[in-house]
Amino acid sequence: MALTQLPPTVSPAAAYDGILRRQSSRESAARTYARSLPIVPVRARGLTIEGADGRRYLDCLSGAGSLALGHNHPVVLEAIRSVLDSGAPLHVLDLATPVKDAFTDELFATLPRGLAASGRIQFCSPAGTDAVEAAFKLVRIATGRDGLLAFTGAYHGMTEGALAASGGAPGGRVTRLPFPQDYRCPFGVGGESGARLAARWTESLLDDPKSGVRPPAGMIVEPVQGEGGVLPAPSGWLRRMRELTAERSIPLIADEVQTGVGRTGAFWAVGHSGIEPDVMVLSKAIGGSLPLAVIVYRETLDAWQPGDHAGTFRGNQLAMAAGAATLRYVRENGLAGRAAALGGRMLDRLRRLAAEYDCIGEVRGAGLMIGIEFVAPEDGAGSAARAEWLAAAGDGAGLTARPEAGPESGGVPAPGARGGPAGSAQPGTGRGPGADGPLPASPARAVAVQQECLRRGLIVELGGRHSCVVRLLPPLTITDEQAEAVLDRLADAVAAVCRPGSRIPGIPAPSTPKEAGAASPA
């Protein structure tokens, strides 16, 4: 009997319940997705998962962004079968093989020009967090320095070094810098002014001899913060980070673990700003649904001695074959461009939905990496506090950028009003940090929307500072019709949670939805 088949003497419902019960009793308390998504997948294809209970789901989690082509895409299955049928070894440590050579060729064909021409690649243990650790080790050895620069809201993995550079970790050898965003701008202004202030803060910290920050070994940044709440880095700000690090001989590390392989509307998310980092951290989708992680870096940083970074499973031949097939398919079929176009249309519809409900603070994203932040409009404390702060500051006097300041100062240039990645948030699309300020986060609403989505056969993820952001990470192969179905189910779930008369434990019933285009309540 196939492993995905249920015993013939057991009903699907009983088998489903039994599997979930045994998981709960045997697996660790650290399990995560299984708690919010109590399903038992037995079959999957493309966007669709079928559970042991017979229900079908549209999967907008996609293995946390690992499935660029969705589940069991034919080109991926064929690549895996070809290796299995060839008799090739499946485990080779770091030895050279035709499969590895083909994967490396395909990967380098997609990289920024400088890295493609003279970069080096290190195959790591098959998880993004180990690739982050490798990047940190690389720049520390190459520079002879120890400290790191990272950003508030970041997420780089769960091993000790990667976690230390993530947003919620205390102290350590990492200096945290402000990551620009509109709705919850750390400076209370958002937009180009907020991006310039964030860049200026970083420059001042690096150049101030009394800042307490010694010259660091490197700076690590996500071109779009995923777990941080789907926050695209403004292009001008990211270019300024590249300038600041290059001028000070600080290697710039781009964490593209989740943003890579077309996800954000460019093959690599750094392509939106045109920068070339010194190190790129790659995982998730590069393995074609199987575990694989690498770093690619400038050859001038290659100061390692043999064995300085190693891992038993860094030679995963099946993942390399599946990854090469995925990279080729995305490149040859223009899926990055399609992600930009379809993601833009999805964002437009979601922003129309946000205009109906005060419980949606902002809709934002890049390509098919989309976030909807849920807030508590019944709690006006945050707005009042910010209004008081603005009055004390002279309505922002001294905080706005110089009129002549341009993109080189960290501004956010064209295209569009903001010039971020295609589909990034535009002024006026959410509540914004304007006169009213951001409303308090509402993680309870986000959880409720996720549960209502699941009841309607839609799988979504949560993220953000307070887990108040519903995230969509559909495969790049999603059709227009499937995208409409996803948005229909999500809109129904939002209505169930936010419409008048709905009840969520601990949250007052919402008021009547505002008219589309009406101003937000004070």
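Residues numbered from 1 in each chain as written. Predicted model: local features only at pLDDT ≥ 70, side-chain atom pairs only at ≥ 80, totals over all residues. Heavy atoms only, no water.

## Re the overall build of the protein chain
On a plain count of helices and strands, the protein chain comes out with 15 helices and 17 strands. Across the 522 residues in the protein chain, those meeting the buried criterion constitute 54%. Summing over all exposed atoms, the protein chain offers an accessible surface of approximately 21,600 Å²; the carbon and sulfur share of this is 54%. (Helix = DSSP H or I, 4+ residues; strand = E, 2+ residues; numbered from the N terminus. Buried < 20%, exposed > 50% of the residue type's maximum accessible area, 1.4 Å probe, protein only. Areas by Shrake-Rupley, 256 points an atom, 1.4 Å probe, with all protein chains shown as cover.)

## What to know about the state of the cysteines
A full pass over the atoms with the stated rule returns one disulfide. Linked covalently through their sulfurs, C359 and C498 form a disulfide whose S-S length is 2.1 Å. Around the S-S axis, the bridge from C359 to C498 shows a dihedral of about 105° and counts as right-handed. A residue pair is termed long-range when its members are at least 10 positions apart, and C359 in the loop between α12 (335-354) and β13 (360-366) and C498 in helix α15 (residues 480-498) qualify at 139 residues. A relative accessible area of 4% means that C359 is categorised as buried. Judged by its relative accessible area of 3%, C498 falls in the buried class. No disulfide involves C60; its sulfur sits 8.9 Å from the nearest other cysteine sulfur, which is in C453. Classification of C60 as buried rests on a relative accessible area of 0%. (Disulfide = S-S within 2.5 Å.)

## Remarks on the layout of surface pockets
A probe matching the size of a water molecule, rolled over the atoms, marks out where space remains unfilled. Size it by volume and the largest pocket reaches roughly 940 Å³. For the largest pocket, the lining is made up of 37 residues, of which Y33, A64, Y155, E227 and E461 are closest to its centre. Mapped by element, the contributors of at least two residues to the lining of the largest pocket are α2 (33-36), α7 (128-143) and β16 (461-463). Its residues assigned to classes, the lining of the largest pocket shows 15 nonpolar, 16 polar and six charged. (1 Å grid on protein atoms, 1.4 Å probe; cavity = no way out; pocket = protein on both sides within 12 Å on 5 of 7 lines; lining within 4 Å. Points joined across faces, edges and corners; volume = space filled by probe spheres on them. Nonpolar A, V, L, I, M, F, W, Y, C, P; charged D, E, K, R; others polar.)

## Thoughts on the packing of helix α4 (residues 74-86) against helix α11 (residues 317-332)
Between α4 and α11, whose axes approach to 8 Å, the crossing angle comes to 145°. Where α4 crosses over α11, the handedness of that crossing is right-handed. Each of V75, V76, A79, I80, V83 and L84 in α4 lies in contact with α11, whose residues at this interface are L318, A321, A322, A325, T326 and Y329. Among the residues making up the contact of α4 with α11, the classes are represented as 11 nonpolar, one polar and no charged. (Axes fitted to C-alpha atoms, helices over the stretch in contact; angles between N-to-C directions. Left-handed = near helix turned anticlockwise from the far one by under 90°. Contact = heavy atoms within 4.5 Å.)

## A look at the sheet that holds strand β17 (residues 469-472)
Ordered in space as β13-β14-β17-β16, the four strands form an open sheet in which the pairing is antiparallel. This sheet does not close on itself; its edge strands, each paired only once, are β13 and β16. For this sheet, the mean inter-axis angle between neighbouring strands, taken without regard to orientation, is 25°. Pairing analysis gives six bridges linking β13 to strand β14 (residues 369-374), with the strands arranged antiparallel. Residue E362 lies in a different strand from β14, and its bridge partner there is E373. Against the sheet, α12 touches β13, β14 and β17, its axis set at about 175° to β13. (Pairing = 2+ DSSP bridges.)

## Digging into the sheet that holds strand β3 (residues 56-59)
Taken together, four strands build an open sheet; the order of strands is β1-β2-β3-β15 and the sheet is mixed. Of all strands in the sheet, those with a lone pairing partner are β1 (41-45) and β15 (458-459), marking the two edges. Sheet topology places β1 next to strand β2 (residues 48-51); four bridges connect them, and they run antiparallel. From the neighbouring strand, R43 faces β2, where its bridge partner is E50.

## With respect to the nonpolar core
Residues W237, W268 and F374 are the most contacted members of the largest nonpolar core, which totals 99 residues. Looking at this core, the element that brings in the most residues is α15, giving 10 residues. Core analysis: the second largest hydrophobic core is formed by 24 residues, V174, I253, I295 and W304 among them. (Core = buried A, V, L, I, M, F, W, Y, C linked by side-chain atoms within 4.5 Å.)

## Here we look at the side chain of N316
Turning to its location among the elements, N316 is positioned in the loop between β12 (294-298) and α11. Within the local environment of N316, its side chain forms a polar contact with the backbone oxygen of P291, the two atoms lying 3.3 Å apart. If sequence neighbours within four positions are ignored, N316 has contacts with L90 and P291. (Polar contact = N/O pair within 3.5 Å; in protein donor to acceptor, adjacent residues only side chain to side chain.)

## Here's the deal with the pattern of salt bridges
This structure, assessed with the given rule, holds 28 salt bridges. A salt bridge links R328 to E106; its shortest N-O distance comes to 3.5 Å. Placement of R328 in helix α11 and of E106 in helix α5 (residues 98-108) is noted, with a sequence separation of 222 residues between them. For the salt bridge of R196 with E192, the shortest nitrogen-to-oxygen distance reads 2.8 Å. On the criterion of helical spacing, the pair formed by R196 and E192 is a turn pair, its members being four residues apart in helix α9 (residues 191-207). (Salt bridge = Lys/Arg side-chain N within 4 Å of Asp/Glu carboxyl O.)

## Here we look at the environment of A142
Along the polypeptide, A142 turns up in helix α7. By relative accessible area, A142 is classed as partly exposed at 31%. Discounting chain neighbours no more than four positions away, the residues touching A142 are L301 and A303.

## A short note on the side chain of Q258
As for its placement among the helices and strands, Q258 is situated in the loop between β10 (252-255) and β11 (279-282). A distance of 2.9 Å separates the side chain of Q258 from the backbone oxygen of A64, its partner in a polar contact. Q258 has contacts with A64, G226, E227, R263, K284, M369, R471 and L473, leaving out every residue within four places of it along the chain.

## Quick word on helix α14 (residues 443-455)
With 13 residues, α14 should cover 18 Å at 1.5 Å per step; its first-to-last C-alpha distance of 18 Å lies within 8% of that length. Looking at α14, one finds that the buried residues are R445, A446, A448, V449, Q450, E452, C453 and L454. Backbone geometry just downstream of α14 places G457 in the positive-phi region, at approximately 80°. (Expected span 1.5 Å × (residues − 1).)

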